[in-house]
Amino acid sequence: MCAASMDSTLQSTRPALAHRLIDHAAIQPKALSKTKGSELLAAAPSLEGIDFALLSYFALWYLGNYYYTIANKLALVAAGGKKGIPMTISTMQLGVGVVYALYTWLAPDLRQTPSITVEDVVKMIPVGFCAAAAHSFSVFAQSAGAVSFAMIVKAAEPAFAAVIGTLLYGKKISMAKWLCLIPVIGGVCLASVKELDFAWSALITASIANLFAAFKGNENKKLMDTPGIKTRLGSVGNQFAVTTILAFVLSIPFMIAKEGGKWGTFMELLKTNKAVSNNLLASGMYFYLYNELATMTIKKTSATTQSVANTAKRVIVIVGAALVFGESIAFMKMLGCTIGIGGVFLYSLVQ
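Residues numbered from 1 in each chain as written. Predicted model: local features only at pLDDT ≥ 70, side-chain atom pairs only at ≥ 80, totals over all residues. Heavy atoms only, no water.

Draft legend 1. Just a nonpolar patch on the surface, in detail. A grouping of V163, L167, L168, M175, W178, L179 and I182 is seen on the molecular surface, where their side chains present a nonpolar patch of about 730 Å² in accessible area. Sorting the residues of the nonpolar patch by element identifies α7 (157–168) and α8 (175–193) as the ones contributing at least two each. Of all the elements, α8 adds the most residues to the nonpolar patch, at four residues. Along the chain, V163 turns up in helix α7. Exposure remark for V163: the relative accessible area of 36% places this residue in the partly exposed category. (Patch = residues over 30% accessible without salt bridge, like charges linked within 9 Å, V, L, I, M, F, W, Y side chains within 5 Å. Areas by Shrake-Rupley, 256 points an atom, 1.4 Å probe, with all protein chains shown as cover. Salt bridge = Lys/Arg side-chain N within 4 Å of Asp/Glu carboxyl O. Helix = DSSP H or I, 4+ residues; strand = E, 2+ residues; numbered from the N terminus. Buried < 20%, exposed > 50% of the residue type's maximum accessible area, 1.4 Å probe, protein only.)

Draft legend 2. Focus on the nonpolar core. In terms of nonpolar packing, the biggest core is built from 28 residues, with W61, A79, I85, I89 and M92 touching the most fellow members. Sorting the residues of this core by element identifies α3 (52–78), α4 (86–106), α5 (118–144), α11 (236–259), α12 (263–272) and α13 (274–299) as the ones contributing at least two each. For I89, the contacting residues outside a window of four places in its chain are N72, L76, A79 and L280. Of all hydrophobic cores here, the second largest spans 25 residues; its members include V188, V317, I318 and M334. (Core = buried A, V, L, I, M, F, W, Y, C linked by side-chain atoms within 4.5 Å. Contact = heavy atoms within 4.5 Å.)

Draft legend 3. Just the pattern of salt bridges, in detail. Within this structure, the stated rule accounts for six salt bridges. R111 is the partner of E292 in a salt bridge, and the nearest nitrogen-oxygen pair spans 2.8 Å. Within this pair, whereas E292 is found in helix α13, its partner R111 is found in the loop between α4 and α5, the two being separated by 181 residues in sequence. Residue classification places E292 among the buried positions, given a relative accessible area of 6%. We note a salt bridge from R232 to D120, for which the minimum N-O separation is 2.6 Å. Placement of R232 in helix α10 (residues 229–233) and of D120 in helix α5 is noted, with a sequence separation of 112 residues between them. Since its relative accessible area comes to 2%, D120 is described here as buried.

Draft legend 4. Up close: the environment of F254. Topologically, F254 is positioned in helix α11. Distance from F254 to M87, taken between C-alpha atoms, is 8.0 Å for residues 167 residues apart in sequence. Those residues in contact with F254 that lie beyond four places of it in its chain are M87 and F129.

Draft legend 5. Region of the structure containing the packing of helix α6 (residues 147–154) against helix α9 (residues 200–224). Packing of α6 against α9 brings their axes to within 9 Å, and their N-to-C directions diverge by 40 degrees. Classified by the angle their axes make, α6 and α9 are oblique. The interaxial crossing formed by α6 with α9 has right-handed handedness. Contact residues: F149, A150, V153 and K154 in α6; A202, L203, A206, S207, A209 and N210 in α9. A class-by-class count of the residues in the contact of α6 with α9 yields seven nonpolar, two polar and one charged. (Axes fitted to C-alpha atoms, helices over the stretch in contact; angles between N-to-C directions. Parallel < 35°, antiparallel > 145°, perpendicular 65-115°, else oblique. Left-handed = near helix turned anticlockwise from the far one by under 90°. Nonpolar A, V, L, I, M, F, W, Y, C, P; charged D, E, K, R; others polar.)

Draft legend 6. Just the environment of Q239, in detail. Position of Q239 among the secondary structure elements: in helix α11. Sequence separation of Q239 and M224 is 15 residues, and the distance between their C-alpha atoms is 9.9 Å. In this view, Q239 contacts M124, N220, M224 and L233; residues no more than four positions away in its chain are not counted. There is a polar contact of 2.9 Å between the side chain of Q239 and the side chain of N220. (Polar contact = N/O pair within 3.5 Å; in protein donor to acceptor, adjacent residues only side chain to side chain.)

Draft legend 7. Highlighting α4. Taking 1.5 Å as the rise per residue, α4 with 21 residues should run 30 Å; its terminal C-alpha atoms sit 31 Å apart, in good agreement. Burial of α4 is extensive: 16 of the 21 residues sit out of reach of the surface. (Expected span 1.5 Å × (residues − 1).)

Draft legend 8. Up close: the packing of aromatic side chains. Tallied over the entire structure, the rule returns 14 aromatic pairs. Ring geometry for F129 against F254: centres 6.2 Å apart, planes inclined by 50 degrees, an arrangement best described as tilted. Taken as a pair, F129 in helix α5 and F254 in helix α11 lie far apart in primary sequence, 125 residues in all. The partly exposed category is assigned to F129, whose relative accessible area is 33%. Between F240 and Y288, the ring centres sit 4.9 Å apart and the planes meet at 55 degrees, which makes this aromatic pair tilted. You can see F240 sitting in helix α11 and its partner Y288 sitting in helix α13, a full 48 residues away along the chain. Here the two residues F240 and Y288 agree in accessibility, since each one is buried. Members of the aromatic cluster, connected to one another through ring pairs, are F129, F137, F140, F212 and F254. For the cation-ring pair, K258 lies above F140, with the distance from its terminal atom to the ring centre recorded as 5.4 Å. (Phe/Tyr/Trp six-rings, centres within 6.5 Å; stacked < 30°, edge-to-face > 60°. Lys NZ or Arg CZ within 6 Å of the ring centre and 35° of its normal.)

Encoded structure:
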């Protein structure tokens, strides 16, 4: 009887329990979808927030800078190195950029032509001259010694920018920034001590390139403060195109004065030596495109991102060039490179 009564009790409670379990099961997924489900979806990797255009800018900027460095050195070596025609090479590289800039304006719907005045062009001459000088002396540095060493010296550009900006343009630099320049200069000195391919001409010309780059940055800022010039230029690409045209035109007299007597040699090399013609064309295009991409990238990023990107770019170019050309990568040189670039990185971050 007890068993019978227990069995009847269980039979009567099972339907009620089943109804409760069904109701609970119907409610539970809704609660999960609102709480745990949303957390799981949030934790899952998503591609929606990735700026693929910006990533492509970075990739092409790095690749362009790297391949420019390689093609530039190959063209210089094929044309005779530092005793060859480096001024002609640097000027013709700018000339390749000019041809491309003109094409972008002439091709339908590719880029709008700037509506600048003669007065605007005159105001842009200082920027164009500094751009021409910075490029030419950078090419001289790479023709005079190891590419990696020239790049290490070029990494010290913030030190020149700080001194020029303070002395000549009334800029104020914080004590923290000045202190960051100590490892920059020290790193370059350390890399120079153990540089097997050290040449004073490479050190001096790379330093002069830094000097003109510092002037260019300050003059460009002054130019962009001119009322209405940004509107008349129309875009960052147009600004770089006009600067490149001016740099090319201003380089021609210096090329004639320094290497005018070698023009026939250059033309002969251009016709008969594929290493000169191909690498000259390639380096000119790489130089123009990577600089334009760098400008576009910087416009889309924060100051911190820019400093990290520039630091990574310098490391890639220095190490990559050293490996390609079999240059010295001794411990002391790499230590100096690391210290110097680390100082540049800190300088970019501190206020």
